[in-house]
Amino acid sequence: MSGENDAPAMPDTMRAVVCHGPLEYRLESVPVPVPGPGEALVKVEAVGICASDLKCFHGAAKFWGDESRPAWAETDVVPGHEFVGTVVELDGEAAQRWGIVVGDRVVSEQIVPCRQCRYCLDGKYWMCQRHDIYGFKRRTPGAMAEFMLFPRDALVHKISADVPPAHAAFAEPLSCALHAVERADIHFGDVVVVAGCGPIGLGMVAGAKSKNPELVIALDLAPDKLDLALECGADLVIDIGSEDAVERVRALTDGYGADVYLEATGHPSAVGQGLNLLRKLGTYVEYSVFGSDVTVDWSIISDDKELDVRGAHLGPHCWPAAIRMIESGRLPMDEICSHQLPLAEFEKGLELVDSGKESIKVSLIP
Ligand SMILES: [Zn+2]
Ligand SMILES: [Zn+2]
């Protein structure tokens, strides 16, 4: 163990949010985890609350009891997969593998790959068959706690200690947004439309802008979120509450439609909107987690436009870029990280994310 001599004595117990089932999340006193060989113990500095945390909290069928879908969540798990922390304990093996020492500021990618399934062996670790994501499985407890473990197979990155904790924890959603942008294969002449100016949509706007296409257009209903999209690099914003986005985009593109549509609202109506405002042979990227099934006329995808429809999940290979973007100071991070609450107020945090009106990214500070 490094840092043994100067380290303050570790407490035996810590406060943690524990998921016991839908709507059954409780703040409890639990044992501080003890790192095994090759693992690291990290003191959590901030943990963001994600739409998927909320979906899990409300007991969506995907997570609870729908046999036809994978069970992402288990009970008796500490939630939280968007986090930053400080290394407090690790052995030489872990230090060498990750290139970190006690005291370093670190994030870990949200998925801990098995490194053995066909996806992992093919470098597609974010599709790992076992799919251990912090905060949803007992094998990988999350960050809504004072301390957490990084298992041996964790993918760990350093991040500057100069960045406020909530901003640093935004590396997770930003990496996801950047991966969705990569999936879109944006070209210089493209007109790119981003639907939804929440944390992911704003990250997509910033990522799309850095690909330098012809035009980045952001859609939302909330004027203050559209203002933030402009700060993140949108060339133009459309308030879909007062304007017809499909008509406006057609008018801007000689009647053809947008080249790329990135969907980050989670709202079913945004799917049809995207299919309608894309040009023929356009590219649709879906990132959202939906609360209900979506019905559209699929013949737009085939017969009408021969669209390229792509999914996006997690932020593979995008963490270094996301971390650099946060460290660079080019994003309005104080506004994006709109709310920081103590761990004990996790329920208020979940409510803020649920209402979605006044918050962008809500974080807990253990
Ligand atoms: Zn997330
Ligand atoms: Zn795997």
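Residues numbered from 1 in each chain as written. Chains lettered and ligands numbered in written order. Predicted model: local features only at pLDDT ≥ 70, side-chain atom pairs only at ≥ 80, totals over all residues. Heavy atoms only, no water.

(A) Fine view of the packing of aromatic side chains. Within this structure, the stated rule accounts for seven aromatic pairs. With a centroid separation of 5.1 Å and an interplanar angle of 90 degrees, the aromatic rings of Phe83 and Tyr134 are classed as edge-to-face. Within this pair, whereas Phe83 is found in strand E4 (residues 82-90), its partner Tyr134 is found in the loop between strand E7 (132-133) and strand E8 (147-150), the two being separated by 51 residues in sequence. Classification of Phe83 by relative accessible area gives buried; the value is 3%. For Tyr134, a relative accessible area of 0% translates into the label buried. In textbook terms, an aromatic cluster arises when at least three aromatic residues are bridged by ring pairs, as seen for Phe83, Trp98, Tyr134 and Phe150. The aromatic ring of Trp98 is capped on one face by Arg97, whose charged end is 4.6 Å from the ring centroid. (Phe/Tyr/Trp six-rings, centres within 6.5 Å; stacked < 30°, edge-to-face > 60°. Helix = DSSP H or I, 4+ residues; strand = E, 2+ residues; numbered from the N terminus. Buried < 20%, exposed > 50% of the residue type's maximum accessible area, 1.4 Å probe, protein only. Lys NZ or Arg CZ within 6 Å of the ring centre and 35° of its normal.)

(B) How the structure looks around the coordination of the zinc ion (ligand 2). The zinc ion (ligand 2) binds to the protein through Cys114 (SG), Cys117 (SG), Cys120 (SG) and Cys128 (SG); the donor distances cover 2.3 to 2.4 Å. The coordination sphere of the zinc ion (ligand 2) comprises four donor atoms, whose angles at the metal cover 101 to 120 degrees; the geometry is tetrahedral. Along the chain, the residues that donate to the zinc ion (ligand 2) are spaced as C-x2-C-x2-C-x7-C. By the burial criterion, Cys114 is buried, and Cys120 matches it. (Donors = N, O, S within 2.8 Å, 3.2 Å for Na, K, Ca; no water. Tetrahedral: all angles 85-135°; square planar, octahedral: opposite > 155°, others 65-115°.)

(C) Focus on helix H7 (residues 223-232). Of all the residues in H7, the buried ones are Lys225, Leu226, Leu228, Ala229 and Cys232. Down the axis of H7, the buried set is contained in an arc of 155 degrees. They therefore lie on one face. Looking at the buried residues of H7, the elements they touch are helix H6 (199-210), strand E11 (215-220), strand E12 (236-239) and helix H11 (333-336). Among the residues trailing H7, Gly233 stands out with phi positive, at a value near 120 degrees. (Arc of directions from axis to C-beta. Contact = heavy atoms within 4.5 Å.)

(D) Geometry of the domain arrangement of the chain. Partitioning the chain into domains gives domain 1 (13-170 + 337-365) and domain 2 (177-311). Here domain 1 and domain 2 have C-alpha centroids that lie 29 Å from each other. Contact residues are listed per partner, giving eight residues for domain 1 and ten residues for domain 2. Across the domain 1 to domain 2 interface the summed buried area is about 670 Å²; carbon plus sulfur atoms make up 67%. (Domains from an automatic or database assignment. Buried area = accessible area lost by both parts, 1.4 Å probe.)

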